[in-house]
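If you want the building blocks of each chain, they are given just below.
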Amino acid sequence: NLPEECQLLGEDKKRETDNKLRACLLEAVNLLCTTHAGRETLRAKQVYPILREMHKVEADETCYELNERAVQLLMRDESKDTIVDTVVEDAAGANEFEEI
């Protein structure tokens, strides 16, 4: 089931028509899926049902593949290796997360 907020949208609400914008948004979801905390947040916000419904009607190949990747990351079983995120310093001294 879709989250209540999505079920109650009026008929005037339409799906985003710009393929590039949808791809950009799906890339952002995929980036959030790179850390355990990001995946848990997306699960708590019930993003999967929205991705599932989007997948049913997606015609753009790039968006379709990005959607599938996000779903695979969200729905996979979390193991000890996927739960631990470590911070690694890059050459410039900025912090980056690396999933181990």
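Residues numbered from 1 in each chain as written. Predicted model: local features only at pLDDT ≥ 70, side-chain atom pairs only at ≥ 80, totals over all residues. Heavy atoms only, no water.

For the protein, an unreviewed UniProt entry supplies the name Protein hgh1 and the organism Kickxella alabastrina.

Topologically, glutamate 58 is positioned in the loop between helix 4 (47–57) and helix 5 (61–75). At 2.6 Å, the side chain of glutamate 58 and the side chain of arginine 15 are in polar contact. At a separation of 2.7 Å, a polar atom in the side chain of glutamate 58 contacts the side chain of arginine 22. Once residues within four sequence positions are removed from consideration, glutamate 58 is found in contact with Arg15, Arg22, Cys63 and Tyr64. (Helix = DSSP H or I, 4+ residues; strand = E, 2+ residues; numbered from the N terminus. Polar contact = N/O pair within 3.5 Å; in protein donor to acceptor, adjacent residues only side chain to side chain. Contact = heavy atoms within 4.5 Å.)

It is worth spelling out the packing of helix 2 (residues 19–32) against helix 5 at this point. Packing of helix 2 against helix 5 leaves a shortest axis separation of 9 Å and a crossing angle of 20 degrees. Our classification of the angle between helix 2 and helix 5 gives roughly parallel. In the packing of helix 2 onto helix 5, the handedness of the crossing is left-handed. Along its contact with helix 2, which presents Asn19, Arg22, Ala23, Leu26, Glu27, Val29 and Asn30, the element helix 5 presents Thr62, Cys63, Leu66, Asn67, Arg69, Ala70 and Leu73. (Axes fitted to C-alpha atoms, helices over the stretch in contact; angles between N-to-C directions. Parallel < 35°, antiparallel > 145°, perpendicular 65-115°, else oblique. Left-handed = near helix turned anticlockwise from the far one by under 90°.)

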